[in-house]
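Summary of the model geometry
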Amino acid sequence: MQTLTASTSATPAAYADLTLDDITIVDQSLLKRAVGAMALGNAMEWFDFGVYSYLAVTLGQVFFPSSSASAQLIATFGTFAAAFVVRPIGGMVFGPLGDRIGRQRVLAMTMIMMACGTFAIGLIPSYHSIGIAAPVLLLVARLVQGFSTGGEYGGAATFIAEFATDKRRGFMGSFLEFGTLFGYVLGAGTVALLTAMLSHEQLLDWGWRVPFMIAGPLGLIGLYIRTKLEETPAFKREAELREAEEHARPKLTLGSLLTKHLRPFLLCVGLVLIFNVTDYMALSYLPSYLSATLHFNETHSLFLVLIVMVLMMPMTLALGRLSDAVGRKPVMLGGCVGLILLSIPALTLIQTATLLPVFFGLLILGALLSCFTGVMPSALPALFPTAIRYSALAIGFNVSVSLFGGTTPLVAAWLVEHTQNLMMPAYYLMGAAVIGIVSVLAMPETARRPLPGSAPSVSSKSEAHAVLRGARLARELDEEYALADAVRA
């Protein structure tokens with residue numbers, strides 16, 4: 001790839017001294033490898049999410065004393081939730097590290113840590129074998145997973161965004177969330193297959209370990225792919241400029257992020273809020289809401305959510321491509337407005353507790369969620385300049401997920417329990433959508449534009465020449481306007 005030097009502005013007129021050598025011409029084979037490696041990492045994270053969620057009852061019986069089934073389930077999900085506590089810490093460690101030593105090296109670290117954490121769960125002896133040490137080891141493994149995940153999403157989104165061309169950044173980024181959905185479906189599907197093939201005693205004895213141990217080989221494959229990747233051209237150029245100017249790479253702290261980059265940080269938190277509240281409400285809370293509150297068949301509810309997630313996979317890619325054509329903001333605004341208008345109708349369908357209406361209610365929410373899964377991986381990295389992109393995104397994303405996304409199922413369940421109003425999940429989504437609309441309206445449109453701090457990124461020399469012609473024409477027009485202004489003056 002060729003390196004780049006240019007103004008941070010996205011307009012052609014800003015590239016006054018732009019030459020062909022300054023424009024990044026993307027190697028398509030490298031781009032495909034980069035996208036595949038990042039999607040695989042995200043798939044691994046959500047493979048574990050799907051496995052853990054679907055095995056919650058079994059894990060409770062394996063790792064916690066048999067005082068009561070409810071206590072076991074609460075303890076299991078409490079251990080699961082602990083990973084969200086350390087995610088921002090992981091973001092604060094891996095984000096600045098990724099801006100200092102490179103995205104590729106840090107993403108290799110997060111991949112192997114995530115795989116080791118998941119694989120280790122499959123090796124932990126049961127509570128009956130080693131007593132209290134079993135749940136303690138489970139908690140440690142979950143903390144390792146959460147810590148590594150803190151550096152995974154922000155880094156993966158940054159990596160794809162910095163490799164992709166300006167015209168297709170939305171479509172390329174959407175593969176990251178395609179990996180999320182694929183991983184969850186694969187994890188849940190693996191558990192469903194084991195449950196169908198094994199007796200309850202076999203599942204409790206050894207069968208539950210199988211999905212976690214699959215993470216070992218997957219992690220090695222992912223690690224191999226990531227170690228073979230090149231560093232992103234944007235980071236390499238930033239490193240060259242720092243070296244030429246003999247400046248050390250600045251270390252971004254939460255304090256400096258809140259003082260020097262407060263506006264984009266708040267925009268990131270707001271966008272991630274609507275994205276993750278919708279995600280955890282539709283895919284994590286509503287299956288429990290259906291079975292525990294509406295007494296809908298639990299197997300049917302989980303199966304319907306899986307079907308919706310499979311349908312969301314092509315929708316995510318389609319909406320990522322659409323955002324390249326019409327812009328990021330219209331697609332995300334469509335999702336936010338849709339949540340305000342359709343959350344109550346969708347939940348009304350779900351409350352019928354009848355198969356087809358429930359499916360269509362979930363599908364409505366899944367389609368609206370796709371407006372965010374298809375766009376966020378390209379919209380979020382474009383909020384920050386190259387020098388701090390990994391740090392700022394990792395911190396902002398994980399703070400928002402921990403405060404708002406991961407707590408959504410708990411808050412929604414508490415609201416329903418204490419108000420006895422079955423529509424509270426819909427109202428919660430509508431409130432989040434209002435915050436989403438404010439955030440989307442306040443953000444700059446970034447579709448088909450270079451990332452902040454980067455010159456244009458294109459797929460061919462002919463496209464690069466077209467960019468140069470556009471910049472030259474814009475420069476000539478600017479000079480004519482300046483001359484006309486001088487004559488009038």
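My aim in this report is to walk through the structure given alongside it, one point at a time.

Rules used in this analysis
- Residues numbered from 1 in each chain as written.
- Predicted model: local features only at pLDDT ≥ 70, side-chain atom pairs only at ≥ 80, totals over all residues.
- Heavy atoms only, no water.
- Axes fitted to C-alpha atoms, helices over the stretch in contact; angles between N-to-C directions.
- Helix = DSSP H or I, 4+ residues; strand = E, 2+ residues; numbered from the N terminus.
- Parallel < 35°, antiparallel > 145°, perpendicular 65-115°, else oblique.
- Left-handed = near helix turned anticlockwise from the far one by under 90°.
- Contact = heavy atoms within 4.5 Å.
- Nonpolar A, V, L, I, M, F, W, Y, C, P; charged D, E, K, R; others polar.
- Buried < 20%, exposed > 50% of the residue type's maximum accessible area, 1.4 Å probe, protein only.
- Patch = residues over 30% accessible without salt bridge, like charges linked within 9 Å, V, L, I, M, F, W, Y side chains within 5 Å.
- Areas by Shrake-Rupley, 256 points an atom, 1.4 Å probe, with all protein chains shown as cover.
- Salt bridge = Lys/Arg side-chain N within 4 Å of Asp/Glu carboxyl O.
- Phe/Tyr/Trp six-rings, centres within 6.5 Å; stacked < 30°, edge-to-face > 60°.
- Lys NZ or Arg CZ within 6 Å of the ring centre and 35° of its normal.
- Expected span 1.5 Å × (residues − 1).
- Arc of directions from axis to C-beta.

Contact pair helix α12 (residues 262-293) / helix α15 (residues 355-373): the axes reach a minimum separation of 8 Å and the direction vectors enclose 160 degrees. Here α15 runs roughly antiparallel to α12, going by the angle between their axes. Crossing angle aside, the handedness with which α12 passes α15 is left-handed. Between α12, through I274, F275, T278, D279, A282, L283, L286 and L290, and α15, the contact on the second element is made entirely by V358, L362, L365, L369, F372 and T373. The residue inventory of the contact of α12 with α15, partitioned by class, reads 11 nonpolar, two polar and one charged.

Structurally, V106 is set in helix α4 (residues 103-121). Using a relative accessible area of 0% as the deciding quantity, one classes V106 as buried. V106 sits 12 residues away from F94 along the chain, and the two C-alpha atoms are 6.7 Å apart.

Together, I132, V136 and V140 make up a nonpolar patch on the protein surface, roughly 270 Å² of accessible area in all. Looking at where V136 falls in the secondary structure, it is placed in helix α6 (residues 133-163). The class of V136 is partly exposed, set by a relative accessible area of 45%.

Looking at the secondary structure, you find T386 in the loop between α16 (376-379) and α17 (389-405). Accessibility expressed as a relative area gives 4% for T386, which makes it buried. Look past the residues within four positions of T386 in its chain and what remains in contact with it is D99, R103, E162, A234, F235, E238, P452, G453 and S454.

Okay, the packing of aromatic side chains next. All chains considered together, the criterion is met by 12 aromatic pairs. Relative to F397, the ring of Y153 lies with its centre 4.2 Å away and its plane at 10 degrees, an arrangement referred to as stacked. Of this pair, Y153 sits in helix α6 while F397 sits in helix α17, and the two are 244 residues apart along the sequence. Neither Y153 nor F397 differs from the other in exposure class; each is buried. An angle of 70 degrees between the planes, with centres 6.2 Å apart, marks the rings of W208 and F212 as edge-to-face. For the pair formed by W208 and F212, the shared burial category is buried. Each residue in the set W46, F84, Y184 and Y280 is aromatic and connected to the rest through ring pairs, giving one cluster. Against the face of F171 rests R321, its NZ or CZ located 4.1 Å from the ring centre.

Attention shifts here to helix α18 (residues 408-419). Here α18 spans 16 Å end to end across 12 residues, near enough to the 16 Å set by a 1.5 Å rise per residue. Those residues of α18 that sit buried are T408, A412, L415 and V416. Across the axial projection of α18, the buried residues extend over an arc of 95 degrees, all falling on one side. Facing away from the buried side of α18, by more than 90 degrees, are the exposed residues L410, E417 and H418. Q420, located one to two residues past α18, shows a positive phi value of around 60 degrees.

By themselves these figures say nothing about function.
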